[in-house]
Amino acid sequence: DIASAEVTEILPLGFKDHGQPGNGLDPSDRDPEDAPTINIAEYPGLKGTYMPDTISTFSAGGTDYLVTANEGDSREWGDFSDAARAKDLGDDGLAPVCESSPLADRLGDDELGRLNVITDLGLSEDGSCYEELYSFGARSFAVWTTDGELVADSGDEFERLTAEANPDFFNSNHSESNLEGRSDDKGPEPEALTIGEVGGTTYAFIGFERVGGIAAYDLTDPAQPKFATYFNNRDFSVSVEDEIEAAEDPTALLASAGDLGPEGITFLSPDESPSGEAALVVGSEVS
């Protein structure tokens, strides 16, 4: 309640089931030499944790909706951290994965072994082992009612569309150009989000903090957001982290790399935009 500055309700967003068709992910940055490097698959027993980095709103048919960019993040302070690689469960005082879990035989480096998971979720009732595993974020954007009920989730579309656009740099980091550097973390990391109306159609614009670029989705039907386009002006041939120390002109190097790490987006309507056309203003944390 803004007027009284009081919290009236907390709406937990729950979890995403990565075992369901269309909710897959690529959780490994270490694929066998004889296997495809892009392996988006479902994992029954693995859940994603809805952790919005950005929240926005829009209205359709007289109903208000929330939209979230579900990046996710761990909790760290002092010596505490709630993140561990799945293959390390059972070591350093952590409980192992239960032998009865469907994930027990999927903990190799080429599957879930290197995925960062949340250490205080998924334990059995007696705390002796992990029945399920929970990863950070959901690698998606989602539409919710203002009561916190899930209306739509983009599933595994972000990894699939970025894989198609730049297969040699799938799940790349932002400070350096690499292949699958972020698969074991949060994939493309949907972080930035804004809503805007263009030509009478309401769109969600979602920025991917790591691999870069912005995806646009038509929100005409809130229950079925429709992919419109994805654009990424990044030049992957420029790997900033590898080259910047040796660069004679670091500023020129950054400029040649394009936009790296969209952290925040603001939409400008035609009336607000200096060009007279709808526009996006993007803040990029690396470049």
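Brief notes about a negative patch on the surface
Point 1. On the surface, Glu241, Asp242, Glu243 and Glu245 cluster together to form a negatively charged patch.
Point 2. When you line up the elements, Glu245 lands in the loop between helix H2 (240-243) and helix H3 (250-257).

A short note on the environment of Asn178
Point 1. Along the chain, Asn178 turns up in the loop between helix H1 (157-165) and strand S12 (190-198).
Point 2. The class of Asn178 is buried, set by a relative accessible area of 18%.
Point 3. A C-alpha to C-alpha distance of 25 Å links Asn178 and Ser154, two positions 24 residues apart in sequence.
Point 4. In this view, Asn178 contacts Phe169, Phe170, Asn171, Ser172 and Asn173; residues no more than four positions away in its chain are not counted.
Point 5. A polar atom in the side chain of Asn178 sits 2.9 Å from the backbone nitrogen of Asn173.

Quick word on the pairing of strand S14 (residues 214-218)
Point 1. Judged by how many residues are buried, S14 sits mostly within the fold: five of five residues are covered.
Point 2. A two-sided burial pattern is seen for S14, the buried positions comprising Ile214, Ala216 and Asp218 on one face and Ala215 and Tyr217 on the other.
Point 3. Note that strand S13 (residues 201-208) and S14 share five bridges and pair antiparallel. Bridging from a neighbouring strand, Gly207 pairs with Ile214 of S14.
Point 4. Hairpin connection of S13 to S14: five residues between the antiparallel strands, including Gly212 at a positive phi of 95°.
Point 5. With five bridges connecting them, S14 and strand S15 (residues 226-231) associate as antiparallel partners.

Comments concerning the side chain of Thr119
Point 1. Relative to the helices and strands, Thr119 is located in the loop between strand S8 (116-118) and strand S9 (133-136).
Point 2. With a relative accessible area of 14%, Thr119 lands in the buried category.
Point 3. Aside from chain neighbours lying at most four places away, what touches Thr119 is Ser81, Asp82, Ala83, Ala84, Leu94 and Tyr130.

Examining the nonpolar core
Point 1. Core analysis: the biggest nonpolar cluster contains 21 residues, and Phe58, Val67, Phe141, Val143, Ile206, Phe208 and Leu219 have the highest contact counts within it.
Point 2. Taken together, the elements giving at least two residues each to this core come down to strand S3 (54-60), strand S4 (63-69), strand S10 (141-145), H1, S12, S13 and S14.
Point 3. Grouped together as the second largest cluster of nonpolar side chains are 14 residues, Tyr43, Ala84, Ala86 and Tyr130 included.

Structural notes on the sheet that holds S15
Point 1. The sheet built from four strands is open, its strands ordered S12-S13-S14-S15 with antiparallel pairing. If you trace the sheet from one side to the other, it starts and ends with S12 and S15, each paired once. Taking each pair of neighbouring strands and ignoring which way they run, the sheet shows an average axis angle of 20°.
Point 2. In the sheet, S12 pairs with S13 via eight bridges, with the strands oriented antiparallel. For Ile195, the partnering residue across the bridge sits in S13 and is Ala204.
Point 3. Sitting on the sheet, H1 is in contact with S12, S13, S14 and S15, with an inclination near 40° to S15.

Definitions and limits used
- Residues numbered from 1 in each chain as written.
- Predicted model: local features only at pLDDT ≥ 70, side-chain atom pairs only at ≥ 80, totals over all residues.
- Heavy atoms only, no water.
- Patch = residues over 30% accessible without salt bridge, like charges linked within 9 Å, V, L, I, M, F, W, Y side chains within 5 Å.
- Areas by Shrake-Rupley, 256 points an atom, 1.4 Å probe, with all protein chains shown as cover.
- Salt bridge = Lys/Arg side-chain N within 4 Å of Asp/Glu carboxyl O.
- Lys, Arg positive; Asp, Glu negative; His and termini not counted.
- Charge placed at Lys NZ, Arg CZ, Asp CG, Glu CD.
- Helix = DSSP H or I, 4+ residues; strand = E, 2+ residues; numbered from the N terminus.
- Buried < 20%, exposed > 50% of the residue type's maximum accessible area, 1.4 Å probe, protein only.
- Contact = heavy atoms within 4.5 Å.
- Polar contact = N/O pair within 3.5 Å; in protein donor to acceptor, adjacent residues only side chain to side chain.
- Pairing = 2+ DSSP bridges.
- Core = buried A, V, L, I, M, F, W, Y, C linked by side-chain atoms within 4.5 Å.
- Axes fitted to C-alpha atoms, helices over the stretch in contact; angles between N-to-C directions.

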